[in-house]
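What follows is the residue order along each chain.
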Protein chains: 2
Amino acid sequence: MNKVYVGIDLGGTFIKVGCFDSKLKLLSKVSAPTEAEKDARTVIENIAKAAEKSVAEAGFTMADVPAVGLGCPGPARYSEGIIDAATNFPTFRNIAVRQLLSDRLGGKAVVFENDANVACFGEFAAGAGKDVDDMVFFTLGTGIGGGIINKGKLLAGCGDNAAELGHIIIYPDGRLCNCGQRGCVEAYSSATNTAKRATEAVKKGKSSSLKKVLDEKGEITCKDVYDHLKAGDKLAKEITDETAKALGIVCLNMLHVTEPKRIVFAGGMIAAGDILLDRIRDYFNEHIWKLRKETVEICFATLGEDAGIIGAAALAKQAAD
Amino acid sequence: MNKVYVGIDLGGTFIKVGCFDSKLKLLSKVSAPTEAEKDARTVIENIAKAAEKSVAEAGFTMADVPAVGLGCPGPARYSEGIIDAATNFPTFRNIAVRQLLSDRLGGKAVVFENDANVACFGEFAAGAGKDVDDMVFFTLGTGIGGGIINKGKLLAGCGDNAAELGHIIIYPDGRLCNCGQRGCVEAYSSATNTAKRATEAVKKGKSSSLKKVLDEKGEITCKDVYDHLKAGDKLAKEITDETAKALGIVCLNMLHVTEPKRIVFAGGMIAAGDILLDRIRDYFNEHIWKLRKETVEICFATLGEDAGIIGAAALAKQAAD
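Residues numbered from 1 in each chain as written. Chains lettered and ligands numbered in written order. Predicted model: local features only at pLDDT ≥ 70, side-chain atom pairs only at ≥ 80, totals over all residues. Heavy atoms only, no water.

Caption draft 1: Seen up close, the sheet that holds strand β2 (residues 14-21) of chain B. All names here are of chain B. Within the open sheet, the five strands sit side by side as β3-β2-β1-β4-β5. Their pairing is mixed. With one partner strand each, in any of the chains shown, β3 (26-33) and β5 (109-114) form the two edges of the open sheet. With direction set aside, neighbouring strand axes in the sheet form an average angle of 20 degrees. By the bridge criterion, four bridges tie strand β1 (residues 4-10) to strand β4 (residues 67-72) in an arrangement that is parallel. The residue of β4 that forms the bridge with Val 6 is Val 68. Helix α2 (residues 97-104) rests against β1, β4 and β5 of the sheet, and its axis sits at about 150 degrees to β5. Along the sheet face, helix α10 (residues 307-320) touches β1, β2, β3, β4 and β5 and points at about 135 degrees away from the line of β1. (Pairing = 2+ DSSP bridges. Helix = DSSP H or I, 4+ residues; strand = E, 2+ residues; numbered from the N terminus. Axes fitted to C-alpha atoms, helices over the stretch in contact; angles between N-to-C directions. Contact = heavy atoms within 4.5 Å.)

Put into structure tokens, the structure is as follows:
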């Protein structure tokens with residue numbers, strides 16, 4: 001009998017669901033509104049219906065599904081399967097999401113994980129890390145999320161907060177991060193903070209072609225920084241160098257902690273392309289120790305937006321196997 | 001039938017061996033010269049004889065031993081069981097230590113690990129971490145070694161270099177470390193570098209009661225720094241604060257990476273006592289995020305010198321179970 005696996009990416013606005021075969025080949029894809037403003041029962045019902053629809057569209061029934069994977073942004077008590085009060089789900093108060101979805105799906109096993117871990121596992125199972133056992137993963141977006149694969153499994157700590165890699169401090173007493181710490185890599189190298197550092201520099205009077213952008217649009221985005229970098233702007237290069245240096249150093253720190261074979265960057269910012277990746281590698285190679293030649297590979301993710309549904313399905317498969 | 005486990009701490013000068021019962025209670029302890037200046041065959045023979053002696057002294061025979069644990073300082077290819085060219089074993093060239101010892105002991109299973117990992121596992125199995133599943137371990141000596149316990153097991157990366165925690169960079173472009181990097185925590189907070197920073201400060205003319213030590217002995221040790229700290233010297237306090245700050249920050253970085261329940265410091269430097277431990281905790285609490293209340297415990301190791309033999313025996317037991 002063929003088995004299929006359901007991967008769910010639960011966002012505040014949309015639910016995305018994929019139905020995958022046992023080789024993680026996408027068979028069908030469904031999207032539905034979350035209706036997070038309504039009560040939790042409605043959200044669970046929307047998830048379940050989308051899951052059932054994806055399975056039906058793939059030509060299977062729920063009896064063919066050994067397990068379902070559900071990823072969503074935090075904060076949540078993932079190991080307990082509970083969302084307390086997440087920003088994206090304003091009506092949720094102490095909701096046992098995993099149990100409710102399992103009950104609604106007739107007792108189906110449900111794996112519940114945070115979105116960065118799920119995307120990490122997706123890249124590991126079917127993307128940029130599919131041929132390695134040990135991997136570190138960073139998403140570069142508004143913040144910096146992370147995931148760690150150790151011997152083929154997501155590394156979980158004693159609670160639900162391992163691999164918060166954006167909050168590794170690399171410049172003690174440096175820039176203030178949203179988390180309250182100073183000098184986190186996120187405070188330098190997230191898309192948001194890359195843009196913010198550019199804006200601050202222009203406002204301080206640094207000469208740059210980005211000044212026109214700020215004057216006209218009232219803001220500088222991370223994409224602007226990379227566009228102007230490619231056009232040869234000196235400030236854009238300085239800003240990018242600082243982004244890349246912080247990422248290069250956090251890569252070598254991770255090498256010394258969990259010793260991955262590969263380090264994978266994902267998120268909107270990787271659209272910058274090789275001009276960013278090469279600089280990260282440069283700083284890594286410049287700062288790494290001389291004790292032995294390191295062979296860790298630093299690369300970009302390959303699954304794009306689908307990493308969430310693939311990773312959730314892959315986690316379901318791992319749990320069911 | 002009662003089983004016993006043998007833990008071996010292979011140093012450049014002495015071999016220390018302990019024979020333990022299945023609850024890791026020490027039954028007998030043997031020490032013998034390594035004779036590292038002779039050939040590898042002699043060293044293996046010395047190890048085997050000490051192991052056999054420890055078992056006999058405990059009232060058992062080698063038939064009662066399911067496995068033997070062997071810890072030694074690096075560099076070595078631990079996963080392959082090979083010492084290439086370690087500082088402590090000048091005559092060793094590509095020696096298959098694990099296999100040779102196993103052969104000499106009639107095919108006995110031998111676990112081979114680096115000394116910091118072994119001590120870490122000892123503290124986890126029978127010392128400061130015995131009631132937790134997730135732990136991070138630092139040894140503060142000439143350098144800073146490390147170990148990570150994740151879900152009850154030593155974390156191993158893709159090669160033999162995970163948990164090189166002394167080489168986490170916390171001050172990019174900071175002090176030069178022996179490893180070739182700049183700004184490693186080891187370059188600030190090892191016993192050697194704590195003493196070195198004090199010496200540098202005194203030589204630069206900083207007022208301190210340590211000046212007399214330097215003038216009389218020609219050097220300042222780490223113990224001198226803590227002795228003068230306790231006597232109220234201001235420079236000794238500054239030096240200690242910098243040591244503790246770097247350690248506090250590396251603790252919170254490890255919290256964000258592997259999320260341990262407990263962080264354990266070992267090595268000669270912990271003789272400094274609460275005056276050091278309290279400052280590490282202070283810096284940790286001062287710099288940690290505000291996103292949630294962290295409950296990680298920071299404490300000192302409890303096994304002292306025996307951590308090596310206990311950890312090696314505990315690894316043998318884990319492998320045999």
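Continuing now.
Caption draft 2: Region of interest: the sheet that holds strand β4 (residues 67-72) of chain A. Residues and elements named next belong to chain A. Pairing within the open sheet is mixed, and its five strands lie in the order β3-β2-β1-β4-β5. Only two strands of the sheet have a single neighbouring strand rather than two, namely β3 (26-33) and β5 (109-114). If you compare each strand with its neighbour and ignore which way they point, the axes differ by 20 degrees on average. Direction of pairing for strand β2 (residues 14-21) relative to β3: antiparallel, over a ladder of seven bridges. When the sheet's bridge partners are listed, Lys 16 is paired in β3 with Ser 31. Contacts from helix α1 (residues 40-57) reach β1 (4-10), β2 and β3 within the one sheet, and its direction differs from that of β2 by about 35 degrees. Across the sheet, helix α2 (residues 97-104) lies against β1, β4 and β5, angled at about 150 degrees from β5, the strand it touches most.

Caption draft 3: Layout of the packing of α1 of chain A against α2 of chain A. Residue and element names in this part refer to chain A. Contact geometry of α1 with α2 gives a least axis separation of 10 Å together with a crossing angle of 50 degrees. Classified by the interaxial angle, the pair formed by α1 and α2 is oblique. Taken as a pair, α1 and α2 cross one another with a handedness that is right-handed. Across the interface between the two elements, Ile 44, Glu 45, Ile 47, Ala 48, Lys 49 and Glu 52 from α1 touch Val 97, Leu 100, Leu 101 and Arg 104 from α2. Across the contact of α1 with α2, the residue classes break down as six nonpolar, no polar and four charged. (Parallel < 35°, antiparallel > 145°, perpendicular 65-115°, else oblique. Left-handed = near helix turned anticlockwise from the far one by under 90°. Nonpolar A, V, L, I, M, F, W, Y, C, P; charged D, E, K, R; others polar.)

Caption draft 4: Structural view of the state of the cysteines. Residues and elements named next belong to chain A. Taken as a whole and judged by the stated rule, the model has zero disulfides over all chains. Here Cys 179 is not disulfide-linked; the sulfur of Cys 184 is the nearest cysteine sulfur, at 3.7 Å. Looking at the unpaired Cys 299, the closest cysteine sulfur is the one in Cys 251, lying at 10 Å. The class of Cys 299 is buried, set by a relative accessible area of 18%. (Disulfide = S-S within 2.5 Å. Buried < 20%, exposed > 50% of the residue type's maximum accessible area, 1.4 Å probe, protein only.)

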